[in-house]
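Summary of the model geometry
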Amino acid sequence: MDNPFQHTTVLLDEAVDALLGNPPPDGPATYVDATFGRGGHSRLLLSRLRPHDRLIAFDKDPDAIQEAARITDARFSIRHEGFCHLGELPTGSVQGVLMDLGVSSPQIDNPQRGFSFRFDGPLDMRMDTTRGESVAEWLATAEVQQISEVIRDYGEERFAFPIAKAIVARRQERGPISTTAELAELVAGTVKTREQGQNPATRTFQALRIFINAELEELQQALEASLSVLAPGGRLAVISFHSLEDRIVKQFVAKHSKEVYDRRAPFAAPQPMKFEALDRIKPGEAEVARNPRARSAIMRVAQRTEVA
């Protein structure tokens, strides 16, 4: 049966063009779709790869693994794990790495996944529903200070402490929060002012999702791993959807796009830069009109330099 929850891939052509922009040397080349999702980028990549190339995908979501099983191309394989495992690939073995961050439309639109305040469902939010703790389970035992720090740090929510107090008070009075509607209603009753057009629960839901899936920590691990697995001339393309992600990517590329001098040895040759920043791309007006969820996307592209 077809999945009723559809996904429109953001920056589809731009991402694939960026990844394949530096032709590989003779011989087979390996590319990585680090966040398979529903396979939009992977399918277009496979249509453009050479017969002897291959594509390795990663994803934690069992639904994504099920979707990937529909791809019968022998050049394709997928691993049911997060892209923090990217570093397990051989050093210098990859010609391109694509990371499309955040949550996919099918995850948001399926009430049973618990990602959205627009639908009532179990308060889960795990990318991998086969392991780990759900948001509801964590909120059932977390202290006010822990909840406040998560909502403040990952949601940039200025009302983090009142929200955390309300969550714990509700737990003590009537039992733990177990559904998305309950959490959204509680936040709306606590947050008295909000940016025009934004639901009061937006930042809280974002924060809890990022925290429960360790998204920022996994991103940092995967970026560091790209340094070792990318071959010289290989491309890194990362699509971010909010400022916390984009800041990490921007700072990582900037850090490795300059020579490093050792102050303890001022006359020694500097360590060469490891990346060359190539581009920063946002969706055009036509794409945003077709898919409003694309409006916040930013793709940063960098190329591994010719260093050992």
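A few points on the structure. (Residues numbered from 1 in each chain as written. Predicted model: local features only at pLDDT ≥ 70, side-chain atom pairs only at ≥ 80, totals over all residues. Heavy atoms only, no water.)

Quick look at the environment of Ser47 now. In this fold, Ser47 is placed in helix α2 (residues 40-48). Sequence separation between Ser47 and Asp73 is 26 residues; the distance between their C-alpha atoms is 9.9 Å. (Helix = DSSP H or I, 4+ residues; strand = E, 2+ residues; numbered from the N terminus.)

Here the focus is α2. Every buried residue of α2 is accounted for by His41, Ser42, Leu44, Leu45 and Leu46. Buried residues along α2 sit in contact with α1 (12-19), β1 (30-33), β2 (54-58), β3 (76-79), β4 (94-100) and β5 (230-240). (Buried < 20%, exposed > 50% of the residue type's maximum accessible area, 1.4 Å probe, protein only. Contact = heavy atoms within 4.5 Å.)

Here we take up the pattern of salt bridges. In total, this model carries 19 salt bridges according to the counting rule given. Glu67 serves as the salt-bridge partner of Arg43, at 2.8 Å between the closest nitrogen and oxygen. In this pair, Arg43 is assigned in helix α2 and Glu67 in helix α3 (residues 62-68), connecting sequence segments 24 residues apart. The class of Glu67 is buried, set by a relative accessible area of 12%. Between Asp73 and Arg75 there is a salt bridge, with its nearest N and O atoms 2.8 Å apart. For Asp73, a relative accessible area of 26% puts it in the partly exposed group. Where salt bridges share partners, they join Arg43, Glu67 and Arg70 into one cluster. (Salt bridge = Lys/Arg side-chain N within 4 Å of Asp/Glu carboxyl O.)

This part covers the packing of aromatic side chains. Following the criterion strictly, the structure yields five aromatic pairs and no others. Here Trp138 and Phe211 contribute two aromatic rings whose centre-to-centre distance is 4.6 Å and whose plane-to-plane angle is 50 degrees, an arrangement assigned as tilted. Placement of the pair is Trp138 in helix α5 (residues 135-139) and Phe211 in helix α9 (residues 202-212), with a sequence separation of 73 residues. Among the residues examined, Phe211 registers a relative accessible area of 27% and is labelled partly exposed. (Phe/Tyr/Trp six-rings, centres within 6.5 Å; stacked < 30°, edge-to-face > 60°.)

Below, the discussion takes up the sheet that holds β4. Strand pairs in the sheet, formed through backbone hydrogen bonds, run parallel or antiparallel to each other. The strand order β3-β2-β1-β4-β5-β7-β6 describes an open sheet built from seven strands, whose pairing is mixed. Both outer strands of the open sheet, β3 and β6 (275-281), are each paired with one neighbouring strand and no more. Strand-to-strand, the axes of this sheet are offset by a mean angle of 15 degrees, without reference to chain direction. Here helix α10 (residues 215-229) sits on the sheet and contacts β4, β5, β6 and β7 (298-304); the angle it forms with β5, its principal contact strand, is near 160 degrees. (Pairing = 2+ DSSP bridges. Axes fitted to C-alpha atoms, helices over the stretch in contact; angles between N-to-C directions.)

Below, the discussion takes up the packing of helix α6 (residues 144-155) against α9. The angle between the axes and the distance between the axes are what describe a pair of packed helices. Packing of α6 against α9 brings their axes to within 8 Å, and their N-to-C directions diverge by 100 degrees. By the criterion of interaxial angle, the relationship of α6 to α9 is roughly perpendicular. Where α6 approaches α9, its residues Val150, Ile151, Tyr154 and Gly155 are matched on the opposing element by Arg203, Thr204, Gln206, Ala207, Leu208, Ile210 and Phe211. The residue makeup of the contact of α6 with α9, split by class, is seven nonpolar, three polar and one charged. (Parallel < 35°, antiparallel > 145°, perpendicular 65-115°, else oblique. Nonpolar A, V, L, I, M, F, W, Y, C, P; charged D, E, K, R; others polar.)

Before going further, it helps to examine the pairing of β7. Burial runs high along β7: seven of the seven residues are buried. By the alternation rule, side chains of β7 split into Ile298, Arg300, Ala302 and Arg304 and Met299, Val301 and Gln303, which are all buried. In this sheet, β7 lies alongside β5 in antiparallel orientation, the contact comprising six bridges. Each bridged residue has a counterpart across the sheet, and for Ile239 the counterpart in β7 is Met299.

Glycine aside, negative phi is the norm for most residues, and most peptide bonds take the trans geometry. The phi angle at Leu11 is positive, at roughly 50 degrees, despite the residue not being glycine. On the secondary structure map, Leu11 appears in the segment before α1. For Leu11, a relative accessible area of 0% puts it in the buried group. The phi torsion at Met125 lies on the positive side, around 75 degrees, for a residue other than glycine.

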